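Geometric and topological summary
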Amino acid sequence: ESAAVQEQGCGALRNLAVNADNKVKIADAGGVEAVVEAMKRHPESAAVQDQGCRALWNLAVNSDDNKVKITGAGWVEAVVEAM
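Calculation notes
Residues numbered from 1 in each chain as written. Predicted model: local features only at pLDDT ≥ 70, side-chain atom pairs only at ≥ 80, totals over all residues. Heavy atoms only, no water. Core = buried A, V, L, I, M, F, W, Y, C linked by side-chain atoms within 4.5 Å. Buried < 20%, exposed > 50% of the residue type's maximum accessible area, 1.4 Å probe, protein only. Helix = DSSP H or I, 4+ residues; strand = E, 2+ residues; numbered from the N terminus. Contact = heavy atoms within 4.5 Å. Axes fitted to C-alpha atoms, helices over the stretch in contact; angles between N-to-C directions. Left-handed = near helix turned anticlockwise from the far one by under 90°. pLDDT = per-residue confidence, 0-100.

Quick look at the nonpolar core
Among the nonpolar cores identified, the biggest contains 19 residues, and Val32, Val35, Met39, Leu56, Leu59 and Ile70 are the most heavily contacted of them. Those elements giving two or more residues to this core turn out to be helix H1 (3-16), helix H2 (20-28), helix H3 (31-41), helix H4 (46-60) and helix H6 (75-82). Not counting the four nearest positions on each side in its chain, Leu59 is found in contact with Ala17, Lys23, Ile26, Val32, Asn66 and Ile70.

Below is the structure:
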């Protein structure tokens, strides 16, 4: 629940998502939704927003399926809210 924990979690997913197999596993396990939820819960935390965006970027690169999941998860709204 804390912003620091969410930041670390998003950062870990960001690092894991550079691997193509991990991208699929993360998305299938609800990782996209978890990152977006962390961003929505901590709009005041620039660090959560930064790590969340980086995680979503890595999940989206070269993965059309993940791009669809990310778009459907409400990430745009989370980023706009944080601004």
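Continuing now.
Let's talk about the packing of H1 against H3
H3 packs onto H1 with a crossing angle of 145° between their chain directions and a minimal axis gap of 10 Å. Viewed along their axes, H1 and H3 form a crossing whose handedness is left-handed. Counted together, Gln6, Cys10 and Leu13 of H1 and Gly31, Val35 and Ala38 of H3 form the full contact between these two elements.

As for the confidence of the model for the protein chain
Per-residue pLDDT for the protein chain has a mean of 94; in total, 100% of the residues score no lower than 70. H6 is the least confidently modelled element of the protein chain, averaging 82 in pLDDT, while H1 averages 98, the highest of any element.

Let's talk about the side chain of Gln51
With respect to the secondary-structure elements, Gln51 resides in helix H4. Note on Gln51: relative accessible area 13%, which makes it buried. Those residues in contact with Gln51 that lie beyond four places of it in its chain are Glu7, Cys10, Gly11 and Arg14.

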